[in-house]
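Chain and residue survey
The residues making up each chain are set out below.
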Amino acid sequence: MDKVYFGTNLKMYKNIQDTVSYLNELTELTKDLDRSKIELFVIPSYTSLPDAVKIENRSLVRLGAQNMGWEEQGQFTGEISPLMLNELGLDMVMIGHSERRHVFRETDQEENKKVLCAIQHHLDALLCIGETEEEKEYGLSDEVLRTQLIAGFHGITSAMAEQLLEGEPKIRVAYEPVWAIGVNGKPASVEYAEEKHRVIKACLVDLFGELGNRIPVLYGGSVNPQNAEPLIAQDSIDGLFVGRSAWNAGPFNTLIRSCLKRLSTEG
Ligand code: 13P
């Protein structure tokens, strides 16, 4: 991978003012980091997005939406359409976060419709996948990950993949084991995370041939200042998707820098 990816999902936290202050602080603290080597992205609440896109150092941080409806318009109360995200100047959307799948009962088929719709509207799709604790205990993790990938990317032809993956990759994957996420989550061991990233990468190659290797795969789920460095040092982990440990700009900046230092010392 040419770049290392660091992103955070702000979930249903931070009001407009807090989001803007956070983004200002984060971009100021990280402004010296070469954006041709790292991508920094933040996924705030919908209501914060119109102000977030106007921050001064806008070019230093990519912004995305937490979810999206799969139609341009219609009788879909409560949904946000891709055109509405385009109107804000956004070019990234997260799809299938574990909380969408498990709290709001979204299905693989729905995530697939959103992925295809995002592609059609020039929004980079960050597809989140991950097994539950129960699926892990039954030894089903690899099957679940493969199913979520095959279903999520269904309908992307080789010609489309070629376009999407030339230059900056326009589809990405975040592996977030459900049991590792949030206040009650226990972080995956570094070995476990690397093993599953290998499964994911092999599946992406099954789907898209060698082009599949160009899709960045990020790890998320209780990333913290202790495990960030060993995680990022793994061969198959291309970036970190962080929740709680990134919600203050200072510690997130420290975490990013410690990862970059580790990568540079490992050559
Ligand atoms: P935590 O890092 O708080 O476990 O959250 C991860 C996450 O859900 C990012 O999308």
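Structure first, text after, so check above.
Residues numbered from 1 in each chain as written. Predicted model: local features only at pLDDT ≥ 70, side-chain atom pairs only at ≥ 80, totals over all residues. Heavy atoms only, no water.

**Notes on the site of the ligand**
Applicable threshold: Here a residue is near a molecule or strand as soon as one of its heavy atoms is found within 4 Å of it. For the purposes of these results, a polar contact is taken to be a pair of N or O atoms within 3.5 Å, where, inside protein, one atom must be able to donate a hydrogen and its partner to accept one; residues adjacent in sequence count only when each atom of the pair is a side-chain atom. Using the Shrake-Rupley algorithm and a 1.4 Å probe, accessible areas are obtained, with residue cover drawn only from the displayed protein chains. Throughout this entry, Asp, Glu, Lys and Arg are counted as charged residues, while Ala, Val, Leu, Ile, Met, Phe, Trp, Tyr, Cys and Pro are counted as nonpolar. The remaining residues, Gly among them, count as polar.
Close to the ligand lie N9, K11, H97, E176, A180, I181, G182, G221, S222, F241, G243 and R244, which account for all nearby residues. Interatomic distance of 2.9 Å between a side-chain N/O atom of K11 and an oxygen atom of the ligand. A distance of 2.6 Å separates an oxygen atom of the ligand from a polar atom in the side chain of R244. In isolation the ligand offers 310 Å² of accessible surface; the protein chains occlude 100% of this area. Among the residues forming the shell around the ligand, the class breakdown is three nonpolar, six polar and three charged.

**Observations concerning the packing of helix α5 (residues 108-120) against helix α7 (residues 141-152)**
For clarity, the threshold we go by: Lines fitted to C-alpha atoms define the axes, with helix axes restricted to the stretch in contact, and inter-axis angles between N-to-C directions lie between 0 and 180 degrees. Working definition: helices are DSSP H or I runs of at least four residues, strands are E runs of at least two. Numbering for both runs from the N terminus. Should an angle fall under 35 degrees it is called roughly parallel, over 145 degrees roughly antiparallel, and 65 to 115 degrees roughly perpendicular, with every other angle called oblique. Handedness of a helix crossing follows the sense of rotation of the near helix relative to the far helix, less than a right angle counterclockwise being left-handed and clockwise being right-handed. Note on definitions: a residue-residue contact is assigned when non-hydrogen atoms from the two residues lie within 4.5 Å.
Running from N to C, α5 and α7 point in directions that differ by 45 degrees, and their axes come no closer than 8 Å. Our classification of the angle between α5 and α7 gives oblique. Seen along the crossing, α5 lies across α7 with a hand that is right-handed. Note on element contacts: α7 touches α5 through T147, Q148, A151 and G152, opposite D108, N112 and V115. Among the residues forming the contact of α5 with α7, the class breakdown is two nonpolar, four polar and one charged.

**Thoughts on the pairing of strand β6 (residues 171-175)**
Under the convention used in this document: Under the scheme applied here, a residue whose accessible area is under 20% of the maximum for its type counts as buried, over 50% as exposed, and between as partly exposed, the area being computed with a 1.4 Å probe on protein chains only. Only when DSSP finds a minimum of two bridges between them are two strands counted as paired.
For β6, a buried count of five out of five residues is recorded, marking the element as mostly surrounded by other parts of the structure. Across the two faces of β6 the burial is the same, with I171, V173 and Y175 and R172 and A174 all buried. One ladder, built from five bridges, connects strand β5 (residues 124-129) with β6; its direction is parallel. Bridge pairing in β6 places A125 opposite I171. Two strands pair when backbone bridges link them, and β6 and strand β7 (residues 217-220) are joined in this way by three bridges, in the parallel orientation. Looking at β7, one finds that A174 is bridged to L218.

**Focus: the layout of surface pockets**
Remark: the empty space left among the atoms is shown by a probe the size of a water molecule rolled over them. Stated precisely, the cut-off is as follows: Here the term cavity refers to a set of points on a 1 Å grid, laid over the protein atoms alone, in which a 1.4 Å probe fits but cannot get out; the term pocket refers to an open set having protein on both sides within 12 Å along at least five of seven lines, with lining residues being those that place an atom within 4 Å of a point. Grid points are joined across faces, edges and corners, and a volume is the space filled by probe spheres set on the points.
Considering only enclosed or pocket space, the largest pocket measures out at about 480 Å³ in volume. Lining the largest pocket we find 17 residues, and of these K11, M12, Q66, R100 and F104 sit closest to its centre. The class makeup of the residues in the lining of the largest pocket is seven nonpolar, six polar and four charged. Roughly 340 Å³ of volume is contained in the second largest pocket. Lining the second largest pocket are 15 residues, with M1, V4, I232, I237 and L263 sitting closest to its centre. In terms of residues, the lining of the second largest pocket owes the most to one element, helix α11 (residues 249-265), which gives three residues. Each residue belonging to the lining of the second largest pocket can be placed in one class, and the counts come to seven nonpolar, three polar and five charged.

**Focus: the environment of K11**
Assignment of secondary structure puts K11 in the loop between β1 (4-9) and α1 (16-30). With 32 residues separating them along the chain, K11 and I43 place their C-alpha atoms 7.8 Å apart.

**Structural notes on α5**
Applicable threshold: Working rule for helices: expected span equals 1.5 Å times residues minus one.
A rise of 1.5 Å per residue sets the reference length of α5, with its 13 residues, at 18 Å; its end C-alpha atoms lie 18 Å apart and thus fit the reference within 8%. Looking at α5, one finds that the buried residues are D108, E111, N112, K114, V115, C117, A118 and I119. Two residues or fewer past α5, H122 is found with a positive phi of approximately 55 degrees.

**A look at the side chain of H97**
With respect to the helices and strands, H97 occurs in the loop between β4 (92-95) and α4 (98-102). Its relative accessible area of 4% is what places H97 among the buried residues. Only 2.9 Å separates the side chain of H97 from the backbone nitrogen of E99, close enough to count as a polar contact. Setting aside chain neighbours within four positions, we find H97 in contact with N9, K11, C128 and E176.

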